[in-house]
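Chain residues, written in single-letter form:
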Amino acid sequence: MGCVFGRTSAVLPDDHVPSTIYCSRTISSLTKKTPTKKKATNKVTPIAPSSSFVLLDVNQHNEHFRIPQPALTELVKKKSHNKLGELGGVANVASAVQTDLQGGINGGDEDMSRRQEAYGFNAHKKPPTKRFFQFVVEAFKDLTIAILLVCAAFSLGFGIKEHGLKEGWYDGGSIFLAVFLVISVSAVSNYRQNKQFHKLSKFSENIKVEVVRGGQRRQVSIFELVVGDVVCLKIGDQVPADGLFIDGHSLQIDESSMTGESDYVEIDHNHNPFLLSGTKVADGYGKMLVVSVGMNTTWGEMMSHVNRDTTEETPLQIRLNGLTSSIGKVGLAVAFLVLVVLLIRYFTGNTQDENGNKEFNGSSTKSGDILNSVVGIVADAITIVVVAIPEGLPLAVTLTLAYSMKRMMADQAMVRKLSACETMGSATTICTDKTGTLTMNLMKVTKFWLGRESIEHSISSISPHVLELIREGVALNTTGSVYRATPSSKYNISGSPTEKAILSWAVEELEMDAEGMKQSCTVLHVDAFNSQKKRSGVALRKELDNTVHVHWKGAAEMILEMCSSYYDASGLKKDMDDHEMNVFKQIVENMAANSLRCIAFAHRKLSEEEYGNGAEGKKIEDEGLILIGIVGIKDPCRSGVKKAVQVCHDAGVNVKMITAIECGILTPGESMIGSSVVEGEEFRNYTSKERMEKVDQIRVMARSSPFDKLLMVQCLKQKGHVVAVTGDGTNDAPALKEADIGLSMGIQGTEVAKESSDIIILDDNFASVATVLRWGRCVYNNIQKFIQFQLTVNVAALVINFVAAVSAGEVPLTAVQLLWVNLIMDTLGALALATEQPTNDLMKKPPVGRTEPLITNIMWRNLLAQALYQISVLLTLQFGGESIFGVTKAVNHTLIFNTFVLCQVFNEFNARKLEKKNVFKGLHNNRLFVGIVGTTILLQVVMVEFLKKFADTERLNWWQWGLCVGIGALSWPIGWVVKYMPVPERSQSSVT
């Protein structure tokens, strides 16, 4: 008897008492206790332990499981075959963690609790999120803010020096206050956006995983996965934890996310049974035993150090930064001119103090007075720079995007990339799948053809031999499952929608016993289905007579090409000549014309010589097959799809389906036009020139591959279209990435598709795609509204200050007043206009596309008209207000300030509608807008009436208030009249 001495550990029986001497023969006997099914379809072959081997330490604190976590973690991380052999193979590992490889774990609350206590939770630690203070610090790093702070410091120092602490802090303090408010709003907005991203990230990480628990397949959250779970994997799935291969066929894994290697890794029992968390299933299907979760996996360790960047700049934000820079340069130029003019006027003796005396009298003027005057002039120039820089533009984009993201989430769309919100508003073409997106994804077999006969009701007319072959083809050539707890309970059928439809039909209509079929046959080899092959095959050996059979299932047009004969309902085998082939093709075409998905079944019996003695890995015979049936699967169109497609058409957005009269993409008239409908192969075989010429006319591309979809996206982008693509499969990933906006499906979409997309449609409904388009346009439109509003203020303020400074030698609006106006525009204005909701009018305009300028001619017309009106009124008040209204200079300056602010308040209403004349439509739906306008007016009253010294204002009487309101209100009729003026379509703007 071979023994190993020393302090060691092992896979030990439950009643083991810790000892330092263990016998390998005892350990070997454990492998014999593991029950194995004699005739299982895909048996696990345990790796036999050697006669003497090093054992592993028992977790003294774990009385339920016989392998400690470190041993399991090391096993998969190092892909150690030796360690797996020492542990007795996959079957022994399963036994040690109390898992039945066929039925899975118990899954009860107590069982789950014990496993989580012993092996941990399937969640990784996340890096700490940014705190609010960090966003404040980042806001301080802005160059404009830094300039303002320097100006504020100088202004505060010189102000206190000139006027004393009591009144000298006003200008500098107001700049500090302005900086504080801008930083606060910016930091709060970015902080909330960051929290929203983390919330969405947590939602998107909550992947549903198919596991076997208590002998039944079920969907659970990835966070509920525990060591010992048996996980079912299929193409496109993310491997949810580290695990060991149990059984499956043609399973290939994309480990590029972990290793960087692009070649797929084959998973099998002998060479590589190890599966790593975070990798993707590229082909085939299988089951795995979970051995490590959460932070015990390499993926968990890696993700704990990754913090998603939520500060990405969208294309629109980049364009607005350029616009802000351009406006800032103009402001600097104006400020410099004002500085030069005021300095010249001062030093030439053309300025007077409050008593009418010349301020500069050559050498007799004290140096302190000169310094104070120069500081005042510099402060005026700096204030012009401050008011010229529209800090509110980036803020408006942030607010709009954050608001729209939140609302889109409520409308069944989760934004993964912020830029997608605005890009969707420019979409000109949407390429969409039919299944699940345009349809309800509730598939049901409604047609069954056996030979040239349609079987409508009873199966009694079908030959028992043929019926048995069909049952075999359905039960054994599938990735789905049929489960029934007791003979009297209902069937629980799982799998893809197509598989579920076929299995349900076979169980209910053909009286198929799926479990009995599996017991009567041994699967020898499987050729798994994928979207390129569009078929799946299985080679099996019948236990009754030891004969080998192959079954194929897939797209009817693919399977027909593999057949040379067919069975009729009576069981007679008939040759399939060209005439018969055309008859079957016509049957398939007729079903397809009625929006049925056609699936065909074929069979062939093989001799041992033909199969090659059932050698593992042999290619399944796919020629000379016998057609045994064709089914038509109906997937009804979603109720809201026709309306959603019509909305897109009305919005000038082309919808292309990659047979769809039912969904409204084609009208009955169009369905007969050859250029509107093509097959994928036909489109693929066009020359590059032909594709570019015909791609705009194509409305439906039938029988297309993922490559055809990618090719269409590339052609459309080359023609200048902004393309949105929907997809749910792994092979859709290239098209989703290539498109301007990738839209994946939240229910049926694979994890690969979701990671390749920009937006996830949570309910898989095309109506939600139309909603995303609507919100995208709203984002773009709201930004344009704010730009028009902001630029009106900038143009008016710059011109008024420049003209007054050059002609009168003074700036009519003080630093505090200009900063107050700037704050109204930057914060309150942005908040008011950024939260405007989408209207039906937005979906009646053509898309803006790639080349449309941000500032359109319509916007220039509106803003210049309002700016000219404000300039005219305010300059009239500046030069003639005292004599016209018989008021003092101080009151006149207050009238100018009050009128200027109220003009912006009234113009805020004009900005709500860029083209429509009725600017009040839908106002009752935006209470926030009304509240902000009311708050602005209230604060203005406080500034004028109660903050006399701080704001440098005088109290106004009722008549004067009425005058200011009347002048401001005139902007409404002016805006109404101006919108009758036609403008050329092409914009002359170069700053956009």
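Throughout this document, residue positions are counted from 1 along each chain, in the order its sequence is written. This being a predicted model, a pLDDT of at least 70 is required before a residue's local features are given, and a value of 80 or more before pairs of side-chain atoms are given or counted; all residues contribute to the totals for chains, interfaces and linings. Side-chain numbers come from the whole structure's heavy atoms, not from hydrogens or water.

A word on the packing of helix α30 (residues 889-910) against helix α31 (residues 927-945)
Interaxial angles span 0 to 180 degrees and are taken between N-to-C directions of axes, which are lines fitted to C-alpha atoms, for helices over the stretch in contact. Runs of E in the DSSP output that reach at least two residues are strands. Runs of H or I that reach at least four are helices, and both are numbered from the N terminus. Where α30 contacts α31, the two axes come as close as 11 Å, and the packing angle between them is 180°. It follows that α30 is roughly antiparallel to α31 by the angle criterion. Facing α30, whose interface residues are Thr-894, Phe-897, Asn-898, Val-901, Val-905, Glu-908 and Phe-909, α31 presents Phe-929, Val-933, Thr-936, Ile-937, Gln-940, Met-943 and Val-944. Here is the rule for angles: anything less than 35 degrees is roughly parallel, anything more than 145 is roughly antiparallel, 65 through 115 is roughly perpendicular, and the remaining ranges are oblique. Contacts: residue pairs with any heavy atoms within 4.5 Å of one another.

Here's the deal with the UniProt feature "transmembrane region" (unreviewed entry) in the protein
UniProt positions are given in the numbering used here, feature names are shortened, and annotations may be inferred rather than shown by experiment. Under the UniProt annotation, the feature "transmembrane region" (unreviewed entry) is placed at residues 139-160, 172-191, 327-347, 381-404, 791-809, 815-834, 928-946 and 958-978. With 100% helix and 0% strand, residues 172-191 has its two end C-alpha atoms placed 28 Å apart. Measuring from the first to the last C-alpha atom of residues 958-978 gives 31 Å, for a span that is 95% helix and 0% strand.

Quick notes on unusual backbone geometry
Among all residues save glycine, negative phi is the norm, and among peptide bonds the norm is trans. At Lys-79, a position not held by glycine, the phi torsion is positive, near 45°. Summarising the element assignment, Lys-79 is placed in the loop between α2 (69-77) and α3 (81-86). One non-glycine residue with positive phi stands out, namely Glu-511, at about 55°. Checked against the element boundaries, Glu-511 lands in the loop between α16 (497-508) and α17 (514-520). The class of Glu-511 is exposed, set by a relative accessible area of 58%. Buried residues are those whose accessible area, probed at 1.4 Å on protein chains only, stays under 20% of the maximum for their type, while exposed residues exceed 50% and partly exposed ones sit between those limits.

Quick look at the nonpolar core
Counting residues in each nonpolar core, the largest one holds 71 residues, and the members touching the most others are Leu-320, Met-424, Ile-741, Leu-743, Ile-759, Phe-766 and Ile-787. Here this core gets 14 residues from one element, more than from any other, and that element is helix α27 (residues 766-808). Take the buried residues of types Ala, Val, Leu, Ile, Met, Phe, Trp, Tyr and Cys, join any two whose side-chain atoms come within 4.5 Å, and each joined set is a nonpolar core. Core analysis: the next-biggest nonpolar cluster, separate from the first, contains 45 residues, Val-90, Ala-94, Val-211 and Leu-276 among them.

Topic: the side chain of His-603
Here His-603 shows up in strand β21 (residues 596-606). By relative accessible area, His-603 is classed as buried at 4%. Looking at His-603, its side chain comes within polar contact range of the side chain of His-549, at 2.9 Å. If we ignore the near neighbours within four places in the chain, the residues touching His-603 are Leu-469, His-549, Val-550, His-551, Leu-625, Ile-626 and Ile-628. We call two N or O atoms a polar contact when they sit within 3.5 Å, provided that within protein one can donate a hydrogen and the other can accept it, with sequence-adjacent residues counted only if both atoms are side-chain atoms.

As for the packing of α27 against helix α29 (residues 857-885)
The geometry of a pair of packed helices is captured by two quantities: the angle between their axes and the separation between those axes. Two elements in contact, α27 and α29, have axes separated by 9 Å at closest approach and are oriented at 30°. When the axis of α27 is compared with that of α29, the two are roughly parallel. Considering how the two elements wind past one another, α27 and α29 form a crossing that is right-handed. Under the scheme applied here, ten amino acids are nonpolar (Ala, Val, Leu, Ile, Met, Phe, Trp, Tyr, Cys and Pro), four are charged (Asp, Glu, Lys and Arg), and all others, including Gly, are polar. Considered class by class, the residues forming the contact of α27 with α29 number 16 nonpolar, eight polar and no charged. For a crossing to be left-handed, the near helix must be turned anticlockwise from the far one by less than a right angle; the clockwise case is right-handed.

What about the side chain of Asp-568?
Within the secondary structure, Asp-568 sits in the loop between β19 (563-567) and β20 (573-575). Of note is the side chain of Asp-568, whose polar atom sits 2.9 Å from the backbone nitrogen of Leu-572. A polar contact of 3.5 Å, which involves the side chain of Asp-568, links it to the side chain of Lys-574. Once residues lying within four places of it in the same chain are set aside, the contact partners of Asp-568 are Leu-450, Gly-451, Val-466 and Lys-574.

Regarding empty space enclosed by the protein
For the largest cavity, the calculated volume is near 180 Å³. Tallied by class, residues from the lining of the largest cavity come to three nonpolar, three polar and eight charged. The method works on a 1 Å grid over the protein atoms by themselves. A cavity is a set of points holding a 1.4 Å probe that cannot get out, a pocket is an open set with protein on both sides within 12 Å along at least five of seven lines, and residues with an atom within 4 Å of a point line them. Grid points are joined across faces, edges and corners, and a volume is the space filled by probe spheres set on the points.

A word on the pattern of salt bridges
For salt bridges, the criterion is a side-chain nitrogen of Lys or Arg within 4 Å of an Asp or Glu carboxyl oxygen. Taken as a whole and judged by the stated rule, the model has 25 salt bridges. We note a salt bridge from Asp-568 to Lys-574, for which the minimum N-O separation is 3.5 Å. Among the residues examined, Lys-574 registers a relative accessible area of 35% and is labelled partly exposed. Where Asp-708 meets Arg-684, a salt bridge forms, and the shortest distance between an N and an O atom there is 2.7 Å. On the criterion of sequence distance, the pair formed by Asp-708 in helix α24 (residues 706-718) and Arg-684 in helix α22 (residues 680-685) is long-range, its members being 24 residues apart.

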